[in-house]
Amino acid sequence: MKIKLISLLCLSVALSTSAQTPGYKERIKIINQNINSCFADTKTGLYLETTDSVENKGNHSFLWPLCALVQAANEMEVLEPSKQYLKPVMVAIQQYYSPRSPAPAYQAMVAKEKQDSRFYDDNEWVAIALMDAYNRTHNKQYLETSKMIYRFLLTGYTNEAGGGFYWEEGNRKSKNTCSNGPGILVALQLYKATGRKQYLDTALLAYNWTNKNLQAPSGLFYDNIKVPSLKIDSAIYTYNAGAMLQANVLLYNITHDKKYLTEARRIAKASEQYFYRNNRLPGNYWFNAVLLRGYQELYLVDKDKTQFRFFVDDANRIWQQERNDKNLLGQHRIKSLIDQAAMIEIYARLEEMGV
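Residues numbered from 1 in each chain as written. Predicted model: local features only at pLDDT ≥ 70, side-chain atom pairs only at ≥ 80, totals over all residues. Heavy atoms only, no water.

A. Structural detail: empty space enclosed by the protein. The tally for this structure, following the rule as stated, stands at one cavity of 30 Å³ or more. Looking at the largest cavity, the residues that line it are Leu281, Asn288, Phe311, Asp314, Ala315, Ile318, Met343 and Ile346. Examining the composition of the lining of the largest cavity, we find that four residues originate from one element, helix 13 (residues 309-321), more than from any other. By residue class, the composition of the lining of the largest cavity is six nonpolar, one polar and one charged. (1 Å grid on protein atoms, 1.4 Å probe; cavity = no way out; pocket = protein on both sides within 12 Å on 5 of 7 lines; lining within 4 Å. Points joined across faces, edges and corners; volume = space filled by probe spheres on them. Helix = DSSP H or I, 4+ residues; strand = E, 2+ residues; numbered from the N terminus. Nonpolar A, V, L, I, M, F, W, Y, C, P; charged D, E, K, R; others polar.)

Structural data, given as structure tokens:
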């Protein structure tokens with residue numbers, strides 16, 4: 001009965017949409033309405049992972065899609081500062097809080113439903129969004145939560161493989177770009193907010209390790225290094241490039257050392273060449289949203305809007321070609337929360353930059 005009701009609500013959003021192609025702000029409004037009607041569980045304050053009850057297996061969403069949603073909520077507040085899009089998402093995320101040793105953090109599933117693994121990258125993505133929100137609002141709770149996540153992050157650093165952060169707590173089989181790149185960003189943002197050298201030292205430690213162990217000759221980044229074999233998983237993803245692109249620009253802003261800006265430009269150029277093929281980016285919207293963050297950070301220095309042309313083209317293609325009759329986005333029949341949230345972020349950032 002609940003699923004049928006959700007379907008009807010989703011349909012009502014579709015029927016209210018103009019046939020004329022909407023701009024970024026209107027697309028964001030439509031997608032956000034769909035998130036609230038198709039994925040939000042108002043009874044619990046939580047969210048569903050997909051539009052399919054069988055696929056969800058009776059569970060609420062994993063934390064990872066909420067990492068996308070909390071960033072999307074922040075970008076919506078950038079466009080509409082008087083609104084409170086972050087509040088309901090943080091109410092949901094707090095239900096993933098796990099106080100267990102060695103440091104509190106957010107686990108992968110709702111805490112009251114199941115004790116589950118805690119991933120360093122999931123927590124880092126939350127902290128990145130909250131530091132963006134802190135820089136905008138100066139809400140100290142966002143800063144304190146980010147500090148908590150940083151303390152958890154430190155528990156995942158060892159000297160195995162020469163340093164670096166693991167991906168999953170208790171799983172010492174790999175150290176990943178996706179746990180080190182965003183870890184650098186968390187530490188840099190905390191340094192900017194507090195001036196504490198410890199944060200900058202952590203960022204540089206992880207930055208140097210990642211470049212040494214996981215950067216490809218092209219400037220892009222391999223997925224992970226296995227421990228203890230030191231075998232490289234050579235998969236290359238947009239979000240790893242995006243995190244390291246943004247990290248280089250932030251390091252340039254902090255140190256004024258032009259080597260970081262040169263490296264950022266190299267990663268940006270290599271990313272477009274590698275990822276944008278046959279007039280499209282790879283199919284993971286959220287990975288691409290993280291890449292866009294890096295380009296936006298670089299834009300704030302270089303002021304070159306031409307770098308966004310392929311993002312604009314891909315974002316418009318997705319709206320035209322990968323949207324169903326209910327205005328839900330995604331390449332597959334079953335639509336996901338993370339895809340909707342990622343496209344909100346992408347459209348919001350493109351709107352912010354006026355491209």
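Moving on from the model shown.
B. Examining the side chain of Ser61 more closely. Residue placement: Ser61 occurs in the loop between helix 3 (53-56) and helix 4 (63-79). The class of Ser61 is buried, set by a relative accessible area of 1%. (Buried < 20%, exposed > 50% of the residue type's maximum accessible area, 1.4 Å probe, protein only.)

C. Expanded view of the sheet that holds strand 5 (residues 166-168). As summarised here, the arrangement of the four strands in space is 5-6-7-8, forming an open sheet in which the pairing is antiparallel. Strand pairing shows two members of the sheet lacking a second neighbour, strand 5 and strand 8 (232-236), which therefore form its edges. Going across the sheet, the axis of each strand differs from the next one's by a mean of 35 degrees, ignoring polarity. Pairing analysis gives two bridges linking strand 5 to strand 6 (residues 171-176), with the strands arranged antiparallel. Following the sheet pairing, Glu168 is matched in strand 6 by Asn171. Strand contacts of helix 8 (residues 177-194): strand 5, strand 6 and strand 7 (222-226), with the helix running at about 60 degrees to strand 6, the strand carrying the most contacts. (Pairing = 2+ DSSP bridges. Axes fitted to C-alpha atoms, helices over the stretch in contact; angles between N-to-C directions. Contact = heavy atoms within 4.5 Å.)

D. Expanded view of the packing of helix 2 (residues 24-38) against helix 13. The contact between helix 2 and helix 13 brings their axes to 13 Å, and the two run at 45 degrees. Viewed along their axes, helix 2 and helix 13 adopt a mutual orientation that is oblique. Considering only the axes of helix 2 and helix 13, their crossing is left-handed. Here helix 2 contributes Tyr24, Arg27, Ile30 and Ile31 to the contact with helix 13, which in turn contributes Val312, Ala315, Asn316 and Trp319. Its residues placed into classes, the contact of helix 2 with helix 13 shows six nonpolar, one polar and one charged. (Parallel < 35°, antiparallel > 145°, perpendicular 65-115°, else oblique. Left-handed = near helix turned anticlockwise from the far one by under 90°.)

E. Representation of the packing of helix 4 against helix 6 (residues 120-137) in the model. Remark: helix 4 packs on helix 6, axes separated minimally by 8 Å, with the N-to-C direction vectors making an angle of 15 degrees. As far as their axial angle goes, helix 6 and helix 4 are roughly parallel. Considering the relative orientation of helix 4 and helix 6, their crossing is left-handed. Judged by residue contacts, Leu63, Trp64, Cys67, Val70, Gln71, Asn74, Glu75, Glu77 and Val78 of helix 4 engage Asp122, Trp125, Val126, Ile128, Ala129, Leu130, Asp132, Ala133 and Arg136 from helix 6. The class makeup of the residues in the contact of helix 4 with helix 6 is 11 nonpolar, two polar and five charged.

Function-wise, these values are silent; they only describe arrangement.
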